[in-house]
Amino acid sequence: MTGWNEKILDIDLTTGSIKTYPLDMTMARLFVGGRGLGVRLLWDLVGPGVDPLSPENVLIFTNGPLTGTAYQTSNRFSVSTKSPLTGTILDANSGGFWGMQFKRTGYAVLIVRGKAEKPVYIEIKDEKAEIHDASHLWGLHVSETTSRLGQDRNRRNVLCVGPAGENLSRIAAIMNDGQRALARGGPGAVMGSKNLKAIVVEGSGKTEVADPEQYKFMTYETKKLLAASPLTSQALPEFGTVVMMNLVNNVGALATRNHQHNMFEGAEAISGETLSETYLVKSDACWACPIHCTRISKTEKTGEVEGPEFQTTWAFGAQCGIADLEAIIEANFLCNDLGFDTISAGSTIGCAMELSERGYVDSDLRFGRADLLAPTLEDMAYRRGLGADMAEGSWRLATTYGAPELSMSVKGLEMPAYDPRGMQGQGLLLATSNRGACHMRGNMLGLEVLGLPKLIDRFQVQGKSSYVILNQNSSAAIDSLVLCKFASMGVADEYFARTLTAVTGIPYATGDMIRVGERVWNLERMYNLREGFTCKDDTLPTRLLHEPAPDGPTKGWVVQLEPMLKEYYRARGWDSNGVPTPKKLAELELQEL
Amino acid sequence: MALIKLYAILRTASGKKELTLPGESIQEVLGNICREYPGLVRFLFEEEKLRPRVILTVNGQTLDPATGLNQSVSEQDQIGIFPPVAGG
């Protein structure tokens, strides 16, 4: 089979051992790469009850058969681990250049186990891996670490943690190429717990393809389609993802002030349109990507920096009651440099603001206090004062101070910008997402607001589950390819299946790809059930279930989760407690679970 | 006259964030926008039909272009017009 690197690099930081062995190609065929391969390996390597911050947890970095082929958006890679924030299975993926370079080293998978006695970094040059002392790097910010280790755009690439990960913040990200993030669920804390500061990759390998003519044809066709789609050729390059701010606010689905409101009076001030007129310098792109959704912004304090994205702008903006775009750009940069998940960081600050205003916490934090964003993030990274509790994420913070209902999270993962009282299907999707509330595990925004591919009634409850399931399965399939979901805004899933076939020589139809996604989804579900999660964890914050939305076009609505959930379990082929049946598992070739 | 708010490339192309124009239905309002701002035609229409994925909201409620263009418009209405946009 071609496309895949057929080797695993397995490093044990406790013993210092470095081993390589073959990738199980039957597993590769069933799970492809990225998220799929990562979560399948995690099932075997991290059993129930393991403390995510103990040496028994592992980090599994994976690429896929398309990675590094120059097919559009084939730059992404994944990390899989057990989340220290949620306790669920976790995968996160990132763009930039590191993934492509990792593929060039000749490995499909890097497993990191154990814990080094002192800070170390790993260097992989082609197939040779070494562990080096990192005492001189420990404590440095991400940008300085990345620079000192010789980051060189598409020749040598650095992945590292910043102070947040070193200090085991449960919302710490792993950063790559300086400003890209494996963000959600706290993988940075896992890396920090291993005393692992960085992983540097430098490779010269090329990916072979089975059918070069068909591969070239698919790449050419994809290029044409992405150029023809106004989403990928105009909206995203010109305005970035922050273009969503005004639209989501307009329909009354922009979570505001810790989800107390669903519209923000300052939305225009922090919109993609305003960013384009003020702080935007230019757009940029990941390796092999024609879409150019990346923003490069500039403020006096930060100089030219990447970002911000929509979710980040929302998290430090509407969620904190802040309409100061400059402060948001600076907060985004700080998150990148300290190594934080911006959604969790911003939303945790929003939670702290409400706790403070309601008297649960003695703090100066108040909604609208843009001046406190930067110092608060520093306090969180270094665990100073209230920052020490905030570093644990909003659910642990709110629980510590006696008001867990004020954490806007699912399974402990902070929710994204979309207030599901304005999008019922989105509510079901967030409640059932395997890694906690996540819009990147399927996103009902397309169907319920954008008309992508068609518009459905966002307030309707019955019938939503089939759409949610398709979105979740498709999203898992794309994560296993590991491509960028923005490519799917211009290109149908069929093109990805045909390209995978051309690269690997294995026939994959569209249905096979979606089946891969369904397989991954069910495996993740089984992992969480094995950890003790139940159907009771498929829920949303009380506020969204019982407090009617107060504003605008969504006024009066709550999320009607129960009927949607019953329908969802049935449609998934699970029992009434949300457990995949033996029949479903056998259908997905997961019978050994 | 209803208030019409423009977003993204529609602002850049027209130089306007919002306008008021007559029209008894959404279809009429769109027609009047294109007459006043011909530069917007290519972003909104394709062979005289509304372009796929143009998003129309009336008082924050999304309109299905397949069925909603004949919806009547009142003076208190606020119409949002978005070109095809996407994000995460």
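What you see as residue numbers is a count from 1 along each chain, following the sequence as written. Whichever chain is written first becomes A and whichever ligand is written first becomes 1, with later ones labelled in order. For a predicted model such as this one, the threshold for reporting local features is a pLDDT of at least 70, and the threshold for listing and counting side-chain atom pairs is 80 or more; totals across whole chains, interfaces and linings nevertheless cover every residue.

(A) The overall build of chain B, seen in detail. Looking only at helices and strands, chain B features four helices and seven strands. The helix and strand labels rest on DSSP assignments: H or I over at least four residues marks a helix, E over at least two residues marks a strand, and numbering proceeds from the N terminus. Written out in order from the N terminus, the α and β elements of chain B read β-α-β-α-α-β-β-β-β-α-β. Against the compact-globule benchmark of 12 Å for 88 residues, chain B has a radius of gyration of 12 Å, which places it among compact chains. For chain B, the C-alpha atoms occupy an extent of roughly 30 × 25 × 25 Å along the three principal directions. In chain B, which comprises 88 residues, the share counted as buried stands at 34%. The reference for a compact globule is 2.2 Å times residues^0.38; the radius of gyration itself is calculated from the C-alpha atoms. Each residue is classified by how many other C-beta atoms fall within 10 Å of its C-beta atom, where C-beta atoms are placed from the backbone; a count of 20 or more means buried, 12 or fewer means exposed, and values in between mean partly exposed.

(B) Structural view of the nonpolar core. Residue and element names in this part refer to chain A. Core analysis: the largest hydrophobic core is formed by 212 residues, its most contacted members being Val109, Ala352 and Leu377. Of the residues forming this core, the biggest block, nine residues, is contributed by helix α12 (residues 325–338). Residues are defined as contacting one another if the C-beta atoms placed from their backbone atoms lie within 7 Å. Excluding residues within four positions of it along the chain, Val109 makes contact with Ile8, Leu9, Leu23, Leu37, Leu41, Ile60, Phe61 and Thr62. Note on terminology: a nonpolar core is a set of buried residues of type Ala, Val, Leu, Ile, Met, Phe, Trp, Tyr or Cys, with members joined through C-beta atoms within 7 Å.

(C) The arrangement of α12(A) in detail. By this rule, a helix spans an expected 1.5 Å times one less than how many residues it contains. Here α12(A) spans 20 Å end to end across 14 residues, near enough to the 20 Å set by a 1.5 Å rise per residue. Phi turns positive, to about 90°, at Gly339(A), one or two residues after α12(A).

(D) Representation of the sheet that holds strand β6 (residues 61–62) of chain B within the structure. Residues and elements named next belong to chain B. Spatially, five strands are ordered β2-β1-β7-β5-β6 in an open sheet, and the strand pairing comes out mixed. The sheet is open, and its two edges are formed by β2 (18–20) and β6, each paired on a single side. Bridge count for strand β5 (residues 55–58) against strand β7 (residues 78–82) is four bridges, and the pairing is antiparallel. Residue pairing across strands places Ile55 opposite Phe82, the latter belonging to β7. DSSP calls a pair of strands paired once it identifies at least 2 bridges connecting them.

(E) The arrangement of the sheet that holds strand β15 (residues 303–306) of chain A in detail. Residues and elements named next belong to chain A. The antiparallel open sheet is built from three strands, whose spatial order is β13-β14-β15. Among the strands making up the open sheet, the edge pair consists of β13 (280–284) and β15. Neighbour to neighbour, the strand axes of the sheet diverge by 25° on average, direction disregarded. Sheet topology note: the β13/strand β14 (residues 294–299) ladder contains four bridges and is antiparallel. Among the inter-strand pairings, Leu280 is bridged to a residue of β14, identified as Ser297. Lines fitted to C-alpha atoms define the axes here, with helix axes fitted over just the stretch in contact, and angles between the N-to-C directions of these axes take values from 0 to 180 degrees. Against the sheet, α12 touches β14 and β15, its axis set at about 115° to β14.

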